[in-house]
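For reference, the chains in residue letters:
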Number of protein chains: 6
Amino acid sequence: MAQENTTVQRADGRATNELRPITITRGWSKNAEGSALIEFGNTRVLCTASFTEGVPRWLKGEGKGWVTAEYAMLPRATNTRSSRESVKGKIGGRTHEISRLIGRSLRAVIDTKALGENTVVLDCDVLQADGGTRTASITGAYVALSEAIQWAKSQGILRAKAQPLTGSVSAISVGIIDGVPMLDLPYVEDVRAETDMNVVVTGDGKFVEVQGTAEGAPFDRDELNALLDLALEGTAELAAIQRQVLGES
Amino acid sequence: MAQENTTVQRADGRATNELRPITITRGWSKNAEGSALIEFGNTRVLCTASFTEGVPRWLKGEGKGWVTAEYAMLPRATNTRSSRESVKGKIGGRTHEISRLIGRSLRAVIDTKALGENTVVLDCDVLQADGGTRTASITGAYVALSEAIQWAKSQGILRAKAQPLTGSVSAISVGIIDGVPMLDLPYVEDVRAETDMNVVVTGDGKFVEVQGTAEGAPFDRDELNALLDLALEGTAELAAIQRQVLGES
Amino acid sequence: MAQENTTVQRADGRATNELRPITITRGWSKNAEGSALIEFGNTRVLCTASFTEGVPRWLKGEGKGWVTAEYAMLPRATNTRSSRESVKGKIGGRTHEISRLIGRSLRAVIDTKALGENTVVLDCDVLQADGGTRTASITGAYVALSEAIQWAKSQGILRAKAQPLTGSVSAISVGIIDGVPMLDLPYVEDVRAETDMNVVVTGDGKFVEVQGTAEGAPFDRDELNALLDLALEGTAELAAIQRQVLGES
Amino acid sequence: MAQENTTVQRADGRATNELRPITITRGWSKNAEGSALIEFGNTRVLCTASFTEGVPRWLKGEGKGWVTAEYAMLPRATNTRSSRESVKGKIGGRTHEISRLIGRSLRAVIDTKALGENTVVLDCDVLQADGGTRTASITGAYVALSEAIQWAKSQGILRAKAQPLTGSVSAISVGIIDGVPMLDLPYVEDVRAETDMNVVVTGDGKFVEVQGTAEGAPFDRDELNALLDLALEGTAELAAIQRQVLGES
Amino acid sequence: MAQENTTVQRADGRATNELRPITITRGWSKNAEGSALIEFGNTRVLCTASFTEGVPRWLKGEGKGWVTAEYAMLPRATNTRSSRESVKGKIGGRTHEISRLIGRSLRAVIDTKALGENTVVLDCDVLQADGGTRTASITGAYVALSEAIQWAKSQGILRAKAQPLTGSVSAISVGIIDGVPMLDLPYVEDVRAETDMNVVVTGDGKFVEVQGTAEGAPFDRDELNALLDLALEGTAELAAIQRQVLGES
Amino acid sequence: MAQENTTVQRADGRATNELRPITITRGWSKNAEGSALIEFGNTRVLCTASFTEGVPRWLKGEGKGWVTAEYAMLPRATNTRSSRESVKGKIGGRTHEISRLIGRSLRAVIDTKALGENTVVLDCDVLQADGGTRTASITGAYVALSEAIQWAKSQGILRAKAQPLTGSVSAISVGIIDGVPMLDLPYVEDVRAETDMNVVVTGDGKFVEVQGTAEGAPFDRDELNALLDLALEGTAELAAIQRQVLGES
């Protein structure tokens, strides 16, 4: 476990290895096969899972399913309004990048054979943004995906014994601020971070994705290790919350 | 007052002249200058008002403000998922049409001179759709707009005595189903309606917009009048709820 | 019948309940299955009907036909040139809205079963604009549609006794200017109107669409009624002209 | 002069060196500063010239004017309906190519210094297509441009003695069909042509643009010369018609 | 043969009827079925030919093949960087025009029956631009196309005796500068040319495309003839180089 | 130093910790201020640096420069042709993601104050792809950027003593194939990798970016460490090659 740095005062009074308050509301949407409203502090993301029979054309006949994701922000999720991507007529690089990350992260815990020729689309729409929207999206999308798979079993679309999920997955941001590694950065910390890392981890503590970026000075191996320690600690907590919300603990 | 048709049984047990349960949660967004989460039964729309100083270039120097609106649906707000307009790279006709309607409706109660050279953008994002999303949007956007104007006064951007709002505005759908005029149609009724009308009304009962469409057989003058009676009744109730939510009653 | 307001002087000398000179030239296009060049005063719209066998994919096998419409303005139809929507790469909200209105209006008089699995696309291209382009479009599109159906019968694509048209349809604009309700507004009146209404009416005097908008002050029930009276009077005249042009009177 | 080939029978009975009936209606548009509806047989193009003071940003302060052109076809100008480029969201290669050709052709007879810092946009919209739409566009656009320049003089925007036009310009198509060079091809001949050439010529018989394409077998020098002879003959006739229409002969 | 104008000094010391140094590197790309890096002086274009079995949907079942081309410039091929068309979201008119020209030119030497139901896409990407990029593209694309056809024979996709190529094709630019006709213009000459012509010629000296444009003063018949003489001389040399590179001489 | 795994046979005979042959050709483009053609085995990327005075509007007046990057692939860089993004009208997520990565990586070694109000755009166009295109792009872009800065000094745009570069940067891919960590994956290895990581490292061995993705099974801390060891070894070699090419060693 990463040791708490006791001399640092965070804006919201948290310890350096402490998550913000995490809330996951299952079944928030009446229309989707699976859904979760997830909150990391003031960050709020609505995650829905749309389960449909059949797969995209290029995958037909292979006996495998498909999981994909789309991420977006409401124009006034942020402090100042940004233009809608639909109005601009194109999707920005950041949106593309995060959608792809979410999709890869969830596919990492899917056995596509066990899913059969079915498709799940995960939509992660940020209703309010305060840092960590991509990690909240991944963590919430997992809950929505689990719900949708339970739904498919309840409908007889998947057999009761099918195990399309090979484990759980969650994600957290970590960063170095004024030389101190910290867990779960809100917006005010995120913009000041010298190094910023998003880590996606399975329920049994293995890495699915590690994305570290030097925003200021390049970082060395020790800093990298300190950040990974924090991230493993944070995602272990998130995995426990996911199990509890899904009634698995 | 429109007389209740006692022989008709609606799916949700309502009288023909009865609104669905209406909930308006003010200040739902921490980031926007004004916001409201509005619910007409299962229809849920997040309305935010973004107040910024200055006006678009074409309006500069005229001493007038500007109010505009954008409407959108989350892809899984509906029963089956629809493609994102940002991904398709263009906005559909329906989205355009509703955005324009919301903008016109709110501008109808704005004194642009009193607003000064300031801009308010109203974003109405449908989180869950069950009929009446455009009327819920107008009704909720009014609350968000009021909040944003109060905020501007509290910040000294508008003088305390400025009266940019000339009144309130709300909207409701009405329609004829199996020959019976009904108020506030959920999705299941909306798709069956022979005639469908959206009516936007000021707090003192005058029309801002009347949009009636024969989906099946054309309608006659009597039917038109019966629908208008219902709409005036419904919007009077909505206006009362708005006053209560805004602490004006 | 709406009473003429004798004290008001309109710019072009018309009575308040008087249409502009209406001209409909059938068969203007040699290539289309049906066509009409329609003029409401200086407003000129070329309406063509393209009849093709088959229906869009989503309608196949239901034994029903499809009618749709597209509206557009030439860049210099107006007083000052506007950019081409093809060059901008997207269609504006106004264009979308009017295209949808024309399509709905024509479908209101179509029996899709009697049309069989055939498609008619109505193109309404404004060559010169002076107010009322959407109402002229609907009125002219009906003539083009009738021609196209006659053509289909002459070709044996539709049986001689098929009745895909359940009636005729026409449309007119009405508005309140300086407190006076007036019929068929040219551009100079349109921009000054406090209330603006477009009314689509069948040949037997029933409403297909009523779209009233308060551009200035909201309007009351009496004003609404006065406008509807004028609109019914105007569309009755248009219906008579349509019958004459089509050789049905 | 090219010699008429007497043994060839054209579908419409014309001689091989004979133009289709040419009609130019000046001032067809009430809104544009210059306009002409031009007909080459069944091909009909509405050409408007929009004269505005000022030039694009990149040309400011150089004391020169700018002339540009946009060409488009109505969706049902052709025998079978084509999709609107505005709906597709992009302009096709053919449209681009022809717009550029028209612009270059008209600029060839413009003295941009004499035009002053003014802009003329030429819009050529094909209302009905039967071959030769680009050549009719150039020929008609010249008339609209002349009108617009006269208008600018009448308004005092250009001095009465300014000579922004250095000459006139017209264009015609020629082609080889079954080995026979022919003038002014309608659609039925155009699709069968082995070689297709569009030639743009000034009023004094010099070349502005020569665009010859082997659609079937490559062509030799003699064939090229025969086509150029025909084209010079045809454009001389068009120049005479232009002078007459503009009251210059 | 065009006579060399001995009194004119070109910037690079060439005679007026002299090509720049021409280099063609076959097989530059390891991935494409055919490829050539072609250099006309400092102009460098990478031409690849992608051979695939099958044809576009609209051509299926006719026993014919299809050849098409796409041209593009790298953003910094030119002296100052231009925006990427992919970033702008649309292709410019010039790009469209040149792509179409290349496609037509290559199809002029293809027997589509002999090609069978196969498709060749020619990509011409300008890596460095110094005038004549379209003519270099055509000349290089022919070499890539020949290679791809040889490849298809070596793979047994085409029979060894199939003759899909009916001849060779190359292209060169010519122009008039300070009244003097010149061959193969680099950028500095191109921008000064009064008349600019691109000529596409088969290996046996017939015209496939002649595109002459008056950039300054219109040109007369003698000037046109002088330019065509130069072009035929230049393309004869290019054809010889092509034969040599392809091992056919 | 990572220990070579002696039992593994790579397709091209390399040791597991061995780079492919690396070639960097400086000054490949005559038009750009800096350029390099970089080859990692069969992967070939043309990197150009466009140096222009001035900065984007949002950065004006802050005394800082700007460095940005755009990545793209030629359509036939790959084994099978892909559609051009310019033709599709939008940029794919992968392209966006890599462009952003290159930009961030180069900005990590730029002192924007020392660069002054100047902009460098790095274009990385993949001419031939065989795995590692993004890491080759970063490594080559650094060389082009260095050249462009030398050019700016030679032109007096930057003072001779200005040090806008705070160090060098290069990048390499690493991955786990059949359980064995390997350096610099060509395409055939890349598609088989269970874990794939791209690592961007400064000349003095610090991390700028670490992007590890589990393509198959999630990876543990030991595997992560083995991959980082390999990457540090590979980038140290690349840094040496960069120094040599730039004449700095």
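A quick note: this is a predicted structure, and the numbers were derived from the prediction, not measured. (Residues numbered from 1 in each chain as written. Chains lettered and ligands numbered in written order. Predicted model: local features only at pLDDT ≥ 70, side-chain atom pairs only at ≥ 80, totals over all residues. Heavy atoms only, no water.)

Could you clarify how one ought to interpret the overall build of chain A in this entry?
Assigned secondary structure in chain A consists of 6 helices and 9 strands. Over its C-alpha trace chain A gives a radius of gyration of 18 Å, about what one expects of a compact globule, namely 18 Å for 249 residues. With the C-alpha coordinates of chain A rotated into their principal frame, the extents come out at 55 × 45 × 30 Å. Burial statistics for chain A: of 249 residues in total, 59% are counted as buried. (Helix = DSSP H or I, 4+ residues; strand = E, 2+ residues; numbered from the N terminus. Rg over C-alpha atoms; globule rule 2.2 N^0.38 Å. Buried < 20%, exposed > 50% of the residue type's maximum accessible area, 1.4 Å probe, protein only.)

Where do I start with the layout of surface pockets in this structure?
Over the atoms, a rolled probe matching the size of one water molecule traces out where space is still vacant. Reported here for the second largest pocket is a volume of approximately 1200 Å³. In this structure, the second largest pocket is lined by 35 residues; those nearest its centre are D:R94, D:R134, D:D190, D:D196 and D:E215. Going through the elements one at a time, α2 (93-107), α4 (133-154), α5 (187-190), β8 (195-202) and β9 (207-214) of chain D together with α2 (93-107) and β9 (207-214) of chain E are the ones with two or more residues in the lining of the second largest pocket. When grouped by side-chain class, the residues that make up the lining of the second largest pocket number 9 nonpolar, 14 polar and 12 charged. (1 Å grid on protein atoms, 1.4 Å probe; cavity = no way out; pocket = protein on both sides within 12 Å on 5 of 7 lines; lining within 4 Å. Points joined across faces, edges and corners; volume = space filled by probe spheres on them. Nonpolar A, V, L, I, M, F, W, Y, C, P; charged D, E, K, R; others polar.)

Explain the nonpolar core here, please?
Side chains of nonpolar character tend, in soluble globular proteins, to be buried together. Grouped together as the largest cluster of nonpolar side chains are 400 residues, with contacts concentrated most on A:L106, B:L106, C:L106, D:L106, E:L106 and F:L106. Leave out the neighbours within four places in its chain, and B:L106 touches B:V67, B:L122, B:I138, B:A141, B:Y142, B:L145 and B:V169. (Core = buried A, V, L, I, M, F, W, Y, C linked by side-chain atoms within 4.5 Å. Contact = heavy atoms within 4.5 Å.)

Whenever I open this one, empty space enclosed by the protein confuses me. Can you help?
Within this structure, the stated rule accounts for 8 cavities of 30 Å³ or more. There is about 80 Å³ of room inside the largest cavity. Lining the largest cavity, in full, are A:E97, A:L101, A:R104, A:R134, A:Q211, F:E97, F:L101, F:R104, F:R134 and F:Q211. Breaking the lining of the largest cavity down by element, the ones donating at least two residues are α2 (93-107) of chain A together with α2 (93-107) of chain F. Residue classes in the lining of the largest cavity are distributed as 2 nonpolar, 2 polar and 6 charged.

How should I be thinking about the pattern of salt bridges in this particular structure?
Between side chains of opposite charge, a pair can form as their charged atoms come close. What the rule picks out here adds up to 102 salt bridges over all chains. Residues C:D130 and C:R20 are paired through a salt bridge, measuring 3.8 Å at the closest nitrogen-oxygen approach. Remark: C:R20 occurs in the segment before β1 (22-26) and C:D130 occurs in the loop between β5 (118-128) and α4 (133-154); sequence separation between them is 110 residues. The same class applies to C:D130 as to C:R20, namely buried. A single salt-bridge network, built from bridges that share partners, covers A:D12, A:R14, A:R20, A:D130 and A:D184. (Salt bridge = Lys/Arg side-chain N within 4 Å of Asp/Glu carboxyl O.)

Quick question: what am I supposed to make of the interface of chain A and chain B here?
Accessible area lost upon the coming together of the parts is a frequently used measure of interface size. Of the residues lining the interface, 34 residues belong to chain A; the matching set on chain B comes to 34 residues. When the two sides are added together, the surface that chain A and chain B hide from each other amounts to roughly 2900 Å², 46% of it contributed by carbon and sulfur. Considering every element that reaches the side of chain A that touches chain B, the biggest residue donor is strand β5 (residues 118-128) of chain A, with 6 residues. Residue classes in the side of chain A that touches chain B are distributed as 14 nonpolar, 10 polar and 10 charged. (Buried area = accessible area lost by both parts, 1.4 Å probe.)

Mind showing me how you'd approach the relation of the copies chain B and chain C here?
The two chain copies are related to each other by a rotation about an axis together with a translation along it. Once chain B has been moved 0.0 Å along the axis and rotated by 180 degrees, it coincides with chain C to within an RMSD of 0.0 Å. Read as a symmetry element, the transformation amounts to a two-fold axis. Taking the C-alpha atom as reference, chain B places B:Q211 closest to the rotation axis, 2.3 Å from it. (Least-squares fit on C-alpha atoms with pLDDT ≥ 70 in both.)

What is the right way to read helix α2 (residues 93-107) of chain B from this model?
Residues spaced three or four apart along an α-helix face the same direction, because each turn holds 3.6 residues. Taking 1.5 Å of rise per residue, 15 residues should cover 21 Å, and α2(B) covers 21 Å from first to last C-alpha, within 8% of that figure. By the burial criterion, the buried members of α2(B) are B:G93, B:T95, B:H96, B:E97, B:I98, B:S99, B:L101, B:I102, B:G103, B:R104, B:S105 and B:L106. (Expected span 1.5 Å × (residues − 1).)

Looking at this structure, how should I read the sheet that holds strand β1 (residues 22-26) of chain E?
By definition, the strands of a sheet pair up through backbone hydrogen bonds, in either a parallel or an antiparallel sense. Residue and element names in this part refer to chain E. An order of β1-β2-β3-β5-β4 is seen for the 5 strands of this open sheet, with the pairing classed as mixed. Every other strand in the sheet has two partners, leaving β1 and β4 (66-73) as the edge strands with one partner each. The mean angle between the axes of side-by-side strands here comes to 15 degrees, regardless of whether they run parallel or antiparallel. In this sheet, strand β3 (residues 43-53) lies alongside strand β2 (residues 34-40) in antiparallel orientation, the contact comprising 7 bridges. Paired with L37 across the bridge in β3 is L46. Seen against the sheet, α2 touches β4 and β5 (118-128) and runs at an angle of roughly 145 degrees to β4. Sitting on the sheet, helix α4 (residues 133-154) touches β1, β2, β3, β4 and β5, and the angle it makes with β3 is about 35 degrees. (Pairing = 2+ DSSP bridges. Axes fitted to C-alpha atoms, helices over the stretch in contact; angles between N-to-C directions.)

Just to check I follow, could you spell out the sheet that holds β5(C) for this structure?
Residues and elements named next belong to chain C. One open sheet holds the 5 strands; their spatial order is β1-β2-β3-β5-β4, and the pairing between them is mixed. Of all strands in the sheet, those bounded by a partner on one side alone are β1 and β4 (66-73). Mean inter-strand twist for the sheet, computed between neighbouring axes without regard to direction, equals 15 degrees. Direction of pairing for strand β3 (residues 43-53) relative to β5: antiparallel, over a ladder of 10 bridges. Across the sheet, the residue bridging to A49 is L122, located in β5. Where helix α2 (residues 93-107) meets the sheet, it contacts β4 and β5, and its direction lies at approximately 145 degrees from that of β4. Relative to the sheet, α4 contacts β1, β2 (34-40), β3, β4 and β5, its axis offset from that of β3 by approximately 35 degrees.

Where do I start with the environment of A:I138 in this structure?
All names here are of chain A. When you line up the elements, I138 lands in helix α4 (residues 133-154). Considering only alpha carbons, one finds I138 and V45, 93 residues apart in sequence, at a separation of 9.9 Å. Those residues within four positions of I138 in sequence are excluded, and the remaining contacts are L101, I102, S105, L106, V169, S170, A171 and V200.

Any chance you could explain the interface of chain B and chain C here in plain terms?
Across the boundary between the two partners, chain B contributes 27 residues, which contact 27 residues of chain C. For the pair chain B and chain C, the summed buried surface comes to about 2600 Å²; carbon and sulfur atoms form 51% of the total. Of all residues in chain B, B:E97, B:F207 and B:R221 bury the most surface against chain C, accounting for 24% of the area lost on that side. In this structure, the connection of chain B to chain C is made through 4 salt bridges. Of the charged contacts in the structure, one is a salt bridge between C:E97 and B:R100, with a shortest N-O distance of 2.6 Å.

What exactly am I supposed to notice about the UniProt feature "binding site: phosphate" (unreviewed entry) in chain A here?
All names here are of chain A. On the UniProt side, "binding site: phosphate" (unreviewed entry) is annotated at positions that read R94, G132, T133 and R134 here. Spanning 41 residues, the named residues form one tight spatial group whose C-alpha atoms are at most 13.5 Å apart. Among the annotated residues just listed, those that line the largest cavity are R134. Judged by its relative accessible area of 17%, G132 falls in the buried class. Residue placement: R134 occurs in helix α4. (UniProt positions renumbered as here; feature names shortened; annotations may be inferred.)

Just checking my understanding: could you explain the UniProt feature "domain: Exoribonuclease phosphorolytic" (unreviewed entry) in chain A for this structure?
Residue and element names in this part refer to chain A. Within this structure's numbering, the places UniProt gives as "domain: Exoribonuclease phosphorolytic" (unreviewed entry) are residues 18-148 and 168-234. Across residues 18-148 one finds 30% helix and 32% strand; the C-alpha atoms that close the span lie 30 Å apart. Annotation note: span residues 168-234, helix share 27%, strand share 43%, distance between end C-alpha atoms 14 Å.

Help me out: how do you make sense of the relation of the copies chain A and chain B in this one?
The two copies are related by a screw operation: chain A maps onto chain B through 180 degrees of rotation and 0.0 Å of translation along the axis, at an RMSD of 0.0 Å. A shared interface surface links the copies, since 100% of the contact residues of chain A are contact residues in chain B too.

How should the state of the cysteines be read in this particular structure?
Where two cysteines share a covalent bond between their sulfur atoms, that bond is called a disulfide. The final tally for this structure, using the stated rule, is 0 disulfides over all chains. Counting only cysteine sulfurs, A:C47 is the nearest neighbor of A:C124, a cysteine outside any disulfide, at a range of 4.0 Å. (Disulfide = S-S within 2.5 Å.)

Could you clarify how one ought to interpret the side chain of A:S173 in this entry?
Residues and elements named next belong to chain A. Here S173 shows up in strand β6 (residues 169-177). A polar side-chain atom of S173 sits 3.2 Å from the main-chain amide nitrogen of L185. Once residues within four sequence positions are removed from consideration, S173 is found in contact with T135, M182, L183, D184, L185, M197 and N198. (Polar contact = N/O pair within 3.5 Å; in protein donor to acceptor, adjacent residues only side chain to side chain.)

Any chance you could explain unusual backbone geometry here in plain terms?
In most cases, non-glycine residues show a negative phi, while peptide bonds are predominantly trans. Positive phi, normally seen in glycine, also occurs at B:D178, with a value near 50 degrees. With respect to the helices and strands, the residue B:D178 is situated in the loop between β6 (169-177) and β7 (180-183). One non-glycine residue, E:D184, lies in positive phi territory at about 60 degrees. Within the fold, E:D184 resides in the loop between β7 (180-183) and α5 (187-190). For E:D184, a relative accessible area of 0% puts it in the buried group.

For this particular structure, what's the right way to read the packing of helix α6 (residues 221-245) of chain B against helix α6 (residues 221-245) of chain C?
For any two helices packed against each other, the geometry comes down to the angle between their axes and how far apart the axes lie. The geometry of α6(B) relative to α6(C) is characterised by a closest axis approach of 13 Å and an angle of 155 degrees between their N-to-C directions. Between α6(B) and α6(C), the interaxial angle falls into the category roughly antiparallel. Here the hand of the crossing between α6(B) and α6(C) comes out right-handed. On α6(C), the residues touching B:R221, B:L224, B:N225, B:L228, B:D229 and B:L232 of α6(B) are C:R221, C:L224, C:N225, C:L228, C:D229 and C:L232. When the residues that make up the contact of α6(B) with α6(C) are grouped by side-chain class, the tally is 6 nonpolar, 2 polar and 4 charged. (Parallel < 35°, antiparallel > 145°, perpendicular 65-115°, else oblique. Left-handed = near helix turned anticlockwise from the far one by under 90°.)

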